[in-house]
Amino acid sequence: MWFERKITPQGLDRIRKKLSRGKRSFIWRYGVLGWGVPVFLTTTAWDYYDRYGLHKPLESSYLILHLVLGLPIWLAAGCWFGVIMWKRFNKVLEAGQW
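These numbers come from a predicted model, not from an experiment. (Residues numbered from 1 in each chain as written. Predicted model: local features only at pLDDT ≥ 70, side-chain atom pairs only at ≥ 80, totals over all residues. Heavy atoms only, no water.)

## Regarding the packing of aromatic side chains
At step 1: One pass over the structure, following the stated rule, counts five aromatic pairs.
At step 2: Pairing F26 with Y30 gives two aromatic rings, centres 5.0 Å apart and planes at 40 degrees, and the pair type is tilted. With F26 and Y30 both in helix α2 (residues 23–52), this residue pair falls four residues apart, about one helical turn.
At step 3: For Y30, a relative accessible area of 35% translates into the label partly exposed.
At step 4: Following the ring pairs from residue to residue traces out a cluster consisting of F26, Y30, W86 and F89. (Phe/Tyr/Trp six-rings, centres within 6.5 Å; stacked < 30°, edge-to-face > 60°. Helix = DSSP H or I, 4+ residues; strand = E, 2+ residues; numbered from the N terminus. Buried < 20%, exposed > 50% of the residue type's maximum accessible area, 1.4 Å probe, protein only.)

## Focus: the pattern of salt bridges
At step 1: Evaluation of the coordinates by the stated rule reveals two salt bridges.
At step 2: For R16, the salt bridge is made with D13, and the minimal N-O distance between the two is 3.2 Å. On the criterion of helical spacing, the pair formed by R16 and D13 is a turn pair, its members being three residues apart in helix α1 (residues 9–19).
At step 3: In this structure, the salt-bridge partner of R51 is D47, at a minimum N-O distance of 3.9 Å. One end of the pair, R51, and the other, D47, are both in helix α2, four residues apart, so they sit about a helical turn from each other. (Salt bridge = Lys/Arg side-chain N within 4 Å of Asp/Glu carboxyl O.)

Rendered as structure tokens:
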């Protein structure tokens, strides 16, 4: 990294607590549910607003298309994000710095 930052003992304890439940739980909690789902909801709402504004009634075909195409993509991206963060947090625990 272009910067190095020391982590306090309390910060290391928080990281250990997050990682203590296991890799699968970490990826599910922080990657899929913590990043993938919120990004999916935000992009879907933003796209709907950008396309129709606040005055057009909800179209079921548009939402079904977003659910079928967008949700799996963002859940996979959340899984990828969780794996990256899992690796990063493990490196932080080994090195003791961010």
